[in-house]
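These are the residues of each chain, in order.
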Protein chains: 2
Amino acid sequence: MAELAARSGVSVASIKFYIREGLLPAGSARSRTQADYDDTHVRRLRLIRVLREIGGLSVARIGEIVAVLDDPAVGLHDLLGTVQYAVSGAAEQSASAEAVELARGLGWHVAADSPALARLGAMLPVVRSLGIGTSVADLRPWAEAAMLVARREVTGVPDGASRDEQVEYVAAGTVVMGRVLAELRLLAQESVSSQLFG
Amino acid sequence: MAELAARSGVSVASIKFYIREGLLPAGSARSRTQADYDDTHVRRLRLIRVLREIGGLSVARIGEIVAVLDDPAVGLHDLLGTVQYAVSGAAEQSASAEAVELARGLGWHVAADSPALARLGAMLPVVRSLGIGTSVADLRPWAEAAMLVARREVTGVPDGASRDEQVEYVAAGTVVMGRVLAELRLLAQESVSSQLFG
């Protein structure tokens, strides 16, 4: 276990805690005081770290993700959806009929209980008050931009990798590339404003 | 003042506070106890409300924006930039050389002290660790998406409107449409994942 700690950069105390909480499988016992750990342990510790530090998730929430991850009956789409929903946060209410209609109008396949759809629905009245409008045509530029990055991001999920690595990519990518897109949008606004009004 | 409160939905106490803090010009005195207020007061109260409730800004920060807004020597680009920087938050450090180089490579005109550029620079090492890369070519989909919405957003600044209304549009639009884009991206990811892995 001391070796695993050295390889992963996670303390022995944390490793013991994660094993106790069911986040990390125990090593295969070699003697009464020694156990073997392999690459799957190192990968799982990397994933736990990303979910905690980048995803901002609690140990309990990570336990829920790990249960789905370790269930071979759960397919990749549902697994990645579980991770995306977890790192992007909950919604306070269910999706408005208007939001459901908008997703349908865009031709997108999204679950009616998607928290992102609920949060989007809650914002549509404000979007209308900005004078931007909330029809598919009104929101086309934002929807196109969203689809452009989403296509790149989802096709970027590493293909031959383990499920742990795919989950790690989606958790970190959802958070980090969301922030990157947000900052690039502000910079692009500044650049356009400079050309139009500068 | 009671009439202004009724028209704007802002309490008399808040109106008095905003006048004292220099956020709202005093009405033109009609008698010892009465003053005239006009549409500019109603518009300014609307703006203050948006900056507080949607922009999340303190009264002190709003005072700084109002000072720039009321200075006719400040052009529209600098005014809108002040608002965008205020509602999108500060940066902890200055922009890395790598971030400056990236903006240049994209052909974007952004100030070297832009907080968005600094925050972007701080994220580039994490982007690299995701295996996405940080060259202009690597980040092209996110930059294109950002420019697509930025062009629509900045050209949407109301043309013949007052500076108060233009500032209100930029403050609310920066925050609200940023959130809309973020939620649409999550929904688009779900849709693509459903097609690829569902």
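Residues numbered from 1 in each chain as written. Chains lettered and ligands numbered in written order. Predicted model: local features only at pLDDT ≥ 70, side-chain atom pairs only at ≥ 80, totals over all residues. Heavy atoms only, no water.

**Student:** So what's going on with the overall build of chain A? Residues and values would help.
**Tutor:** Helix and strand counts for chain A come out as 9 helices and 2 strands. Listed N to C, the secondary structure of chain A is α-α-β-β-α-α-α-α-α-α-α in terms of helices and strands. Computed over its C-alpha atoms, the radius of gyration of chain A comes to 21 Å, more than 25% above the 16 Å expected for a compact globule of 198 residues. Projecting the C-alpha coordinates of chain A onto the three principal axes gives extents of approximately 70 × 40 × 30 Å. For chain A, the proportion of its 198 residues judged to be buried stands at 47%. On chain A, roughly 9300 Å² of surface is accessible, and the fraction owed to carbon and sulfur atoms is 50%. Side chains of chain A give 20 positive and 23 negative charges; the mean places of these two sets differ by 4 Å. (Helix = DSSP H or I, 4+ residues; strand = E, 2+ residues; numbered from the N terminus. Rg over C-alpha atoms; globule rule 2.2 N^0.38 Å. Buried < 20%, exposed > 50% of the residue type's maximum accessible area, 1.4 Å probe, protein only. Areas by Shrake-Rupley, 256 points an atom, 1.4 Å probe, with all protein chains shown as cover. Lys, Arg positive; Asp, Glu negative; His and termini not counted. Charge placed at Lys NZ, Arg CZ, Asp CG, Glu CD.)

**Student:** How would you summarise the pattern of salt bridges if you had to cite specific residues and measurements?
**Tutor:** Pairs can form between side chains of opposite charge whenever their charged atoms are close. Applying the stated criterion to the full structure yields 22 salt bridges over all chains. The partner of A:Arg119 in a salt bridge is B:Glu183, and the shortest N-O contact between them spans 2.7 Å. Taken as a pair, A:Arg119 in helix α7 (residues 115–129) and B:Glu183 in helix α9 (residues 163–197) lie in two separate chains rather than in one. Each member of the pair, A:Arg119 as well as B:Glu183, is classed as buried. A salt bridge links B:Arg30 to B:Asp36; the shortest N-O distance between them is 2.7 Å. Residue B:Asp36 is classed as partly exposed on the basis of its relative accessible area, which comes to 32%. (Salt bridge = Lys/Arg side-chain N within 4 Å of Asp/Glu carboxyl O.)

**Student:** Now, about the packing of aromatic side chains: what can you tell me, with residues and values included?
**Tutor:** All names here are of chain A. A complete count under the given rule lists 2 aromatic pairs over all chains for this structure. Judged by centre distance (5.9 Å) and plane angle (45°), the ring pair of phenylalanine 17 and tyrosine 18 falls under tilted. Judged by its relative accessible area of 28%, phenylalanine 17 is partly exposed. (Phe/Tyr/Trp six-rings, centres within 6.5 Å; stacked < 30°, edge-to-face > 60°.)

**Student:** Report on the relation of the copies chain A and chain B, specifying residues and quantitative values.
**Tutor:** The two chain copies are connected by a rotation around an axis plus a translation along it. Of the transformation superimposing chain A on chain B, the axial component is 0.0 Å and the angular component is 180°, with the fit at an RMSD of 0.0 Å. Expressed as a symmetry operation, the mapping of one chain copy onto the other fits a two-fold axis. Proximity to the rotation axis, assessed at the C-alpha, singles out A:Ala145 in chain A; its C-alpha lies 2.1 Å from the axis. Most of the interface of chain A is mirrored in chain B, where 100% of its interface residues are also at the interface. (Least-squares fit on C-alpha atoms with pLDDT ≥ 70 in both. Contact = heavy atoms within 4.5 Å.)

**Student:** Could you give an account of helix α4 (residues 59–69) of chain B, naming the residues involved and the relevant values?
**Tutor:** Since the α-helix packs 3.6 residues into each turn, any two residues three or four apart lie on the same face. Residue and element names in this part refer to chain B. Those residues of α4 not exposed but buried are Val59, Ile62, Ile65, Val66 and Leu69. Down the axis of α4, the smallest arc covering the buried residues is 115°, so these residues share one side. Close packing links the buried residues of α4 with α2 (12–20), α3 (39–53), α5 (76–88) and α9. (Arc of directions from axis to C-beta.)

**Student:** Can you tell me about α9(B), naming the residues and giving the values?
**Tutor:** Residue and element names in this part refer to chain B. Along its 35 residues, α9 runs 49 Å from first to last C-alpha, staying within 8% of the 51 Å computed at 1.5 Å per residue. Largest kink in α9: about 30°, centred on glycine 173. The buried fraction of α9 amounts to 26 of the 35 residues, a majority that puts the element mostly inside the structure. (Expected span 1.5 Å × (residues − 1). Bend = angle between axes of the 7 residues up to and from the residue.)

**Student:** An account of the packing of helix α5 (residues 76–88) of chain A against helix α9 (residues 163–197) of chain A is requested, with residue identities and associated values reported.
**Tutor:** All names here are of chain A. At their nearest, the axes of α5 and α9 sit 9 Å apart, and the two run at 35° to each other. The crossing of α5 and α9 is right-handed. Residues Leu76, Leu79, Leu80, Val83, Gln84 and Val87 of α5 touch α9, and the partners they reach there are Arg163, Gln166, Val167, Val170, Ala171, Thr174 and Val175. Here the residues of the contact of α5 with α9 sort into 9 nonpolar, 3 polar and 1 charged. (Axes fitted to C-alpha atoms, helices over the stretch in contact; angles between N-to-C directions. Left-handed = near helix turned anticlockwise from the far one by under 90°. Nonpolar A, V, L, I, M, F, W, Y, C, P; charged D, E, K, R; others polar.)

**Student:** Describe the interface of chain A and chain B, listing the residues and the values that go with them.
**Tutor:** Contact residues are listed per partner, giving 64 residues for chain A and 64 residues for chain B. In this assembly, chain A packs against chain B so that about 6500 Å² is buried in total across both faces, 75% of it on carbon and sulfur atoms. The largest per-residue losses of area from chain A upon contact with chain B belong to A:His77, A:Trp142 and A:Arg185, which jointly make up 11% of the total buried on that side. Where chain A meets chain B, there are 4 salt bridges. In this structure, A:Arg185 engages B:Glu153 in a salt bridge whose closest nitrogen and oxygen atoms are separated by 3.0 Å. Among the secondary structure elements, those contributing two or more residues to the side of chain A that touches chain B are α5, α7, α8 (140–155) and α9 of chain A. Along the lines of polarity and charge, the residues of the side of chain A that touches chain B split into 41 nonpolar, 14 polar and 9 charged. (Buried area = accessible area lost by both parts, 1.4 Å probe.)

**Student:** Describe the side chain of A:Gln84, and please don't skip the residues or the numbers.
**Tutor:** Relative to the elements of secondary structure, A:Gln84 occurs in helix α5. In this structure, A:Gln84 is in contact with A:Thr174, B:Leu186, B:Gln189 and B:Glu190, ignoring residues within four places of it in sequence.

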